[in-house]
Amino acid sequence: MKAGILLVEDDHFFAKVIKRHLEKEGYNVVHCLDGEEAWRTFQERAFDICLLDIIMPGRDGFALAKDIRSRDTNIPIIFTSSRYMEQDRLSGFQAGGDDYMVKPFNIEELQFRIDVFLKRSRLLQNRKIVVYQLGALEFNYTELKIFHQPTGHTINLPPKEAELLKFLCENPNRRLRRENILLSVWGSDDFFAGRTMDVYLTRLRKHFRLDPDVKLETFHGKGLRLVTDPKACMADA
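Residues numbered from 1 in each chain as written. Predicted model: local features only at pLDDT ≥ 70, side-chain atom pairs only at ≥ 80, totals over all residues. Heavy atoms only, no water.

Peer 1: Can you walk me through the packing of helix α4 (residues 86–94) against helix α8 (residues 191–208) in this structure?
Peer 2: Packed helix pairs are specified by the crossing angle of their axes together with the interaxial distance, meaning the distance between the axes. As a packed pair, α4 and α8 sit with axes 10 Å apart at the nearest point and diverge in direction by 40°. Regarding the angle of α4 to α8, the classification is oblique. Regarding α4 and α8, the two cross each other, and that crossing is right-handed. Contacts from E86, R89, L90, F93 and Q94 in α4 reach F191, F192, R195, T196, V199, Y200 and R203 in α8. When grouped by side-chain class, the residues that make up the contact of α4 with α8 number six nonpolar, two polar and four charged. (Axes fitted to C-alpha atoms, helices over the stretch in contact; angles between N-to-C directions. Helix = DSSP H or I, 4+ residues; strand = E, 2+ residues; numbered from the N terminus. Parallel < 35°, antiparallel > 145°, perpendicular 65-115°, else oblique. Left-handed = near helix turned anticlockwise from the far one by under 90°. Contact = heavy atoms within 4.5 Å. Nonpolar A, V, L, I, M, F, W, Y, C, P; charged D, E, K, R; others polar.)

What follows is the structure, given as structure tokens:
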């Protein structure tokens, strides 16, 4: 079955070029001109990945991403935008995006990134459930959720934030170097990857407030450590 792609782009010509190329490569592409149309379409049909522009009439890409995340925590979201400022990129990740490409970009690179995300999605669908216990917090990596057992509160995580937390859970109470975390989770230790990781670390610290026994310690910007019961970080077979 062809992978379904939701392409949200208000530039007719650019959307036509992207759609034609991806369909030639075997994808099933549905194009929407604005965020409102895209949100209605997303609720009516099943997709495997979303490509979202940011500046659009009605509902912008950030708002659309948040709505999509409220309905599906697993579907990959790639922003494709002419906005290149660092804050725009960070806002994209905060809205639930998994990747951010600045126009103009190489279409072959876009296809490569799509293939990587779709491969990861298939692995998530076919593997066993993996759960880590962090004090009173239960982190379900497979379902991308944190569950606070005393209150029943559930937190949905973007895929990349879940990958970061998984790496920390696999190395509890160990002092980890920033560059090693970045290379393991992002595959790069450049400035932008580092700023993106800082956004997710801030979010994780907020989640950990639910249990004061779970902490993230920072070492002068050079490394960090997840402090928790070492017996708690065990994958569920």
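Peer 1: Which parts of the structure should I look at to understand the packing of aromatic side chains?
Peer 2: How two aromatic rings sit relative to each other is given by the distance of their centres and the angle of their planes. By the definition in use, this model includes nine aromatic pairs. Consider the rings of F93 and Y200, whose centres lie 6.3 Å apart with planes at 85°: the pair is edge-to-face. Of this pair, F93 sits in helix α4 while Y200 sits in helix α8, and the two are 107 residues apart along the sequence. Accessibility classification places F93 together with Y200 in one group, the buried group. A ring pair is formed by W186 and Y200, whose centres lie 6.3 Å apart and whose planes are at 25°; its orientation type is stacked. With W186 in the loop between α7 (178–185) and α8 and Y200 in helix α8, this pair connects stretches of sequence that are 14 residues apart. Chaining the aromatic ring pairs together yields one cluster made of W39, F42 and F47. In this arrangement the basic side chain of K166 is found over the ring face of Y141, its NZ or CZ atom lying 5.3 Å from the centre. The side chain of R175 reaches across the aromatic face of F219, ending 4.2 Å from its centre. (Phe/Tyr/Trp six-rings, centres within 6.5 Å; stacked < 30°, edge-to-face > 60°. Buried < 20%, exposed > 50% of the residue type's maximum accessible area, 1.4 Å probe, protein only. Lys NZ or Arg CZ within 6 Å of the ring centre and 35° of its normal.)

Peer 1: Please explain the sheet that holds strand β9 (residues 153–156) as it appears in this structure.
Peer 2: Whenever strands of a sheet pair, they do so through backbone hydrogen bonds, lying parallel or antiparallel. Within the open sheet, the four strands sit side by side as β6-β7-β8-β9. Their pairing is antiparallel. Every other strand in the sheet has two partners, leaving β6 (131–134) and β9 as the edge strands with one partner each. Ignoring strand direction, the axes of neighbouring strands in this sheet form an average angle of 20°. (Pairing = 2+ DSSP bridges.)

Function cannot be read off these values alone, since they describe shape.
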